[in-house]
Amino acid sequence: MNRPLFLALNLYLLLLAGLATVSGDVLALLAPLALYLLAGFWRAPAEIKLHVRRSLSAERVSPHQNVDVTIEITNRGASIEELTVLDDLLLGLTLLEGETRHLIRLAPNGSASWTYTVSGLRGDYQFSPLRVSARDSLGLLQRTETLPAPARLIVLPFVPRLKQVSIRPRRTRVYAGEIPARVGGSGVDFFGVREYQTGDSPRRINWHISARHPNNLYANEFEQERVADVGILLDGRDRSNRFGVDKSLFEHSVIACAAISDALITQGNRLALLVYGQYLQWTIPGYGKVQRERILQALAAARPGGSEVFASLAHLPTRLFPVHSQIVVVSPLVPGDYGALVGLRSRGYQVTVVSPDPVSFELSYLPATSEVETAARIVRLERGLLLRRLQGAGIQTVDWDVEQPFDAAVRAALGRTPQWLRSIGRPA
Amino acid sequence: MTRVVLFVSIVTGMGALALGYLESGQPAVARGLLIFAALWLIAQFRNWRWFASIGFSVAVILSAYGVWTSAPSGWMLAGIVGALFAWDLSDFEQRLENAPTLSERESLERPHLIRISGVAALGFVLSLASMLFRPQFSFEWVAFLALLAAIGLTQLVARMRRGG
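Residues numbered from 1 in each chain as written. Chains lettered and ligands numbered in written order. Predicted model: local features only at pLDDT ≥ 70, side-chain atom pairs only at ≥ 80, totals over all residues. Heavy atoms only, no water.

Student: What's the story with the overall build of chain A in this structure? I'm lost.
Tutor: If you tally the helices and strands in chain A, you get twelve helices and 21 strands. Against the 2.2 N^0.38 benchmark of 22 Å for 428 residues, chain A shows a C-alpha radius of gyration of 34 Å, more extended than a compact globule. C-alpha extents for chain A along the principal axes are approximately 135 × 60 × 35 Å. Burial analysis of chain A (428 residues in total) assigns 50% to the buried set. In chain A, the proportion of contacts linking residues at least 24 apart, taken out of those at least 6 apart, comes to 70%. Surface exposure of chain A reaches about 20,600 Å², of which carbon and sulfur atoms provide 54%. (Helix = DSSP H or I, 4+ residues; strand = E, 2+ residues; numbered from the N terminus. Rg over C-alpha atoms; globule rule 2.2 N^0.38 Å. Buried < 20%, exposed > 50% of the residue type's maximum accessible area, 1.4 Å probe, protein only. Contact = heavy atoms within 4.5 Å. Areas by Shrake-Rupley, 256 points an atom, 1.4 Å probe, with all protein chains shown as cover.)

Student: Whenever I open this one, the overall build of chain B confuses me. Can you help?
Tutor: Secondary structure summary: chain B contains six helices and zero strands in total. For chain B, the sequential pattern of α-helices and β-strands runs α-α-α-α-α-α. By its C-alpha atoms, chain B is 55 × 45 × 25 Å across when sized along the principal axes. Restricting the contact set of chain B to residue pairs at least 6 apart, pairs at least 24 apart contribute 69%.

Student: When you look at the interface of chain B and chain A in this model, what are you seeing that I'm missing?
Tutor: Reports of interface size often rely on the accessible area that becomes lost once the parts have come together. On the chain A side, the residues contacting the 52 residues of chain B number 48 residues. Summed over both sides, the interface of chain B with chain A buries roughly 4,400 Å², with 73% coming from carbon and sulfur. The salt bridge involving Asp88(B) is made with Arg3(A); its shortest N-O contact spans 4.0 Å. For the pair chain B and chain A, the number of links is eight residue pairs in polar contact (both at pLDDT 80 or more). Every element with two or more residues in the side of chain B that touches chain A is listed here: helix 3 (50-68), helix 4 (73-96), helix 5 (102-133) and helix 6 (139-162) of chain B. Broken down by element, the side of chain B that touches chain A gets its largest block of residues, 15 residues, from helix 5 of chain B. (Buried area = accessible area lost by both parts, 1.4 Å probe. Salt bridge = Lys/Arg side-chain N within 4 Å of Asp/Glu carboxyl O. Polar contact = N/O pair within 3.5 Å; in protein donor to acceptor, adjacent residues only side chain to side chain.)

Student: I'm lost on a nonpolar patch on the surface in this one. Help?
Tutor: Residues and elements named next belong to chain B. Residues Ile 35, Leu 39, Ile 42, Trp 48, Trp 50 and Ile 54 make up a contiguous nonpolar surface patch of roughly 610 Å² in combined accessible area. When contributions to the nonpolar patch are tallied by element, the ones reaching two or more residues are helix 2 (27-45) and helix 3. Among the elements that make up the nonpolar patch, the one with the highest residue count is helix 2 (three residues). With respect to the helices and strands, Ile 54 occurs in helix 3. For Ile 54, a relative accessible area of 37% corresponds to the partly exposed category. (Patch = residues over 30% accessible without salt bridge, like charges linked within 9 Å, V, L, I, M, F, W, Y side chains within 5 Å.)

Student: I keep staring at the sheet that holds strand 4 (residues 80-86) of chain A and nothing clicks. Help me out?
Tutor: Adjacent strands of a sheet form backbone hydrogen bonds with each other and so pair up, either parallel or antiparallel. All names here are of chain A. Taken in spatial order, the four strands line up as 6-4-9-10 in an open sheet, and their pairing is antiparallel. Each edge of the open sheet carries a strand with a single partner, namely strand 6 (101-106) and strand 10 (142-147). This sheet shows a mean twist of 20° between the axes of neighbouring strands, independent of strand direction. Pairing between strand 9 (residues 130-135) and strand 10: six bridges, direction antiparallel. By the bridge assignment for strand 10, Leu 130 is matched with Leu 147. (Pairing = 2+ DSSP bridges. Axes fitted to C-alpha atoms, helices over the stretch in contact; angles between N-to-C directions.)

Student: Whenever I open this one, the packing of helix 3 (residues 30-42) of chain A against helix 5 of chain B confuses me. Can you help?
Tutor: The relative placement of two packed helices is expressed as an angle between their axes plus a distance between the axes. Running from N to C, helix 3 of chain A and helix 5 of chain B cross one another at 140°; their axes reach a closest spacing of 8 Å. The handedness of the crossing between helix 3 of chain A and helix 5 of chain B is right-handed. On helix 5 of chain B, the residues that touch Ala31(A), Pro32(A), Leu35(A), Tyr36(A) and Ala39(A) of helix 3 of chain A are Ile116(B), Val119(B), Leu122(B), Gly123(B), Phe124(B), Leu126(B) and Ser127(B). Its residues placed into classes, the contact of helix 3 of chain A with helix 5 of chain B shows ten nonpolar, two polar and no charged. (Left-handed = near helix turned anticlockwise from the far one by under 90°. Nonpolar A, V, L, I, M, F, W, Y, C, P; charged D, E, K, R; others polar.)

Student: Looking at this structure, I do not really get the packing of helix 3 of chain B against helix 4 of chain B. What am I missing?
Tutor: Residue and element names in this part refer to chain B. Contact geometry for helix 3 and helix 4: axes closest at 9 Å, N-to-C directions at 170°. When the axis of helix 3 is compared with that of helix 4, the two are roughly antiparallel. Where helix 3 abuts helix 4, its residues Ala 52, Ser 53, Phe 56, Ala 59, Val 60, Leu 62, Ser 63, Gly 66 and Val 67 lie against Ser 73, Met 76, Ile 80, Ala 83, Leu 84, Trp 87 and Ser 90. For the contact of helix 3 with helix 4, the residue count by class is eleven nonpolar, five polar and no charged. (Parallel < 35°, antiparallel > 145°, perpendicular 65-115°, else oblique.)

Student: So what exactly am I meant to see when it comes to the domain arrangement of chain B here?
Tutor: Entries for chain B in the domain assignment read domain 1 (2-129) and domain 2 (134-164). Here the C-alpha centre of domain 2 of chain B lies 25 Å away from the C-alpha centre of domain 1 of chain B. (Domains from an automatic or database assignment.)

Student: Explain the confidence of the model for chain A to me, please; I cannot follow it from the model alone.
Tutor: Interpreting fine coordinate detail is not advised for predicted regions of low pLDDT. For chain A, mean pLDDT is 87; residues scoring 70 or higher make up 96% of the total. When mean pLDDT is taken per element in chain A, strand 11 (residues 152-155) of chain A scores highest with 94 and helix 12 (residues 419-422) of chain A scores lowest with 56. (pLDDT = per-residue confidence, 0-100.)

Student: So what exactly am I meant to see when it comes to unusual backbone geometry here?
Tutor: Outside of glycine, negative phi angles account for most residues, and trans bonds account for most peptide bonds. Positioned with a positive phi, His324(A) is a non-glycine residue whose angle comes to about 60°. Along the chain, His324(A) turns up in the loop between helix 7 (288-301) and strand 19 (326-330). The partly exposed category is assigned to His324(A), whose relative accessible area is 25%. With a phi close to 65°, Ser70(B) is a non-glycine residue in the positive phi region.

Student: Before we go on, may I ask you to explain the pairing of strand 19 of chain A in this structure?
Tutor: It is a general feature of regular strands that their side chains alternate between the two faces of the sheet. Residues and elements named next belong to chain A. Counting buried residues along strand 19, five of its five residues qualify, which places the element largely inside the surrounding structure. Along strand 19, one buried face is formed by Gln 326, Val 328 and Val 330 and the opposite face, lined by Ile 327 and Val 329, is buried too. As defined by bridge partners, strand 19 adjoins strand 20 (residues 350-356) across five bridges and the pair is classed as parallel. When the bridges of strand 20 are listed, Val 330 appears paired with Val 354. Assessed by its sense of winding, the connection that carries the chain from strand 19 through helix 8 (residues 337-346) to strand 20 is right-handed. (Right-handed = clockwise from strand over helix to strand, strands pointing away.)

Student: Explain the pattern of salt bridges here, please?
Tutor: Note on pairing: side chains with opposite charge can pair once their charged atoms come close. Residue and element names in this part refer to chain A. Inspection of the entire model under this criterion finds 27 salt bridges over all chains. A salt bridge links Arg 237 to Asp 235, with the shortest nitrogen-to-oxygen separation between them at 2.8 Å. Taking relative accessible area as the criterion, Asp 235 reaches 0% and is therefore assigned buried.

Student: I tried to follow the confidence of the model for chain B on my own but got confused; where do I start?
Tutor: Mean pLDDT for chain B: 84, with 91% of residues reaching 70 or above. Scoring the predicted complex yields pTM 0.75 and, for the interface, ipTM 0.86.

Below is the structure:
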């Protein structure tokens, strides 16, 4: 119960008792209670005038890395007998050391500061305002306010390093890169032979062919390597990511996405990211380290969600991706996705599907009963069939058992064959 | 520190009431009060904070009843002051849980104890003085003062609930 009200009720009780019994001594008992109430009123907290500052030891960290959060409060107003400061801990962050709730006494112009340590899961955390409440010293009256102390903590996803991701989009950009451009010129891989032109290096002359045609010289041509437009599509739909109440493959999808983005942007490609879930979260195409940071921050903030509109991949806004570019779809896949993916392919995109395996994921926590095993075999067959049909439609697939390192899955499916193996016609 | 003072105030308050009732020839009530004091102490040990409000109300009712049944007013007054002290400290101890460091606790405990002691002592002296000197009022004056007190209290509480 409200303390002043409770005290007043007791006062009234004594007053009534005193009047009813016409006893001065009973009325005299009122004095301590009335004085207590008056003292609380006399020392009621004045207007709260506080200057609050929150600072973080790091604003951009990897998962479970410790971050020190420091709160500094300065009193610009009258003395505050009891000041409770509550800094609500955001969902996803774990308090490791210190306290987020403090009770202090602040003299005019007095200040206080404290630090607590948190760590967190992947996410983009915007700290909420501090809730402060000032009380009189007897705790009867309270004045509560929220004070903004903006701070942002980005916990970036874990980025596994991939040695090589080999893609072959139909169209490349003009800048030199690592993607075979299907155009002859200077490069590493043999592309063809053409007539020798003035300015060609004599080292390029193909002497075998030139010997057969005494009137002309012929020179070797190599395949140009350029950068390409790549769109990464992260499937954030609940229906493809969530299993049961608290199991989700989305974190694995994010890790896959981060790894592929990192590898492709390191190769110099122009990269864009689309998170397709509850709504569309689009990161515009770009190059280099700045773009890498943008994409990692977008991935940090990515959340799975459900939406009637985006329940299937059919509503994918393909116009966001340049014509004939490479699209990497990171999705556990559901049976209805086949049509949409083949549709992308038919529009001229080179499509690669990276699919965290939901069957092995579910099996990792389900009880090993015969029913579960039978169900798993059926679902695995269905999934295998879906992947095979996608491959048949010219879509590269990476089937990733999330218990295994992502690097191994990518190396097997998208690793580029070394030059010395390619020269003898052997796969990697 | 606060906890020690809290326990002392419970024992003192309830003990004073029990002693008053014992002196007025009501040993059954005195025994009941001692049992209640023990319950209050157990409740504090177990952090049942709500019990303090019940304890305080019981002390208010029994002190008024004691005065009415001619129990020594001094003991009754000591009882109500002790209960007020205990009720206040019980809530203060709960608030102190938000002060994680010893220095924060110490900076709050001392001024609070000084203030509540001052208030309780002044209230005790005022009450005792009015009991000793027994100012005589006619019924009209008593009724007027009571009405004034009721209106004043209502205004005060309303203002406090609005936030001062």
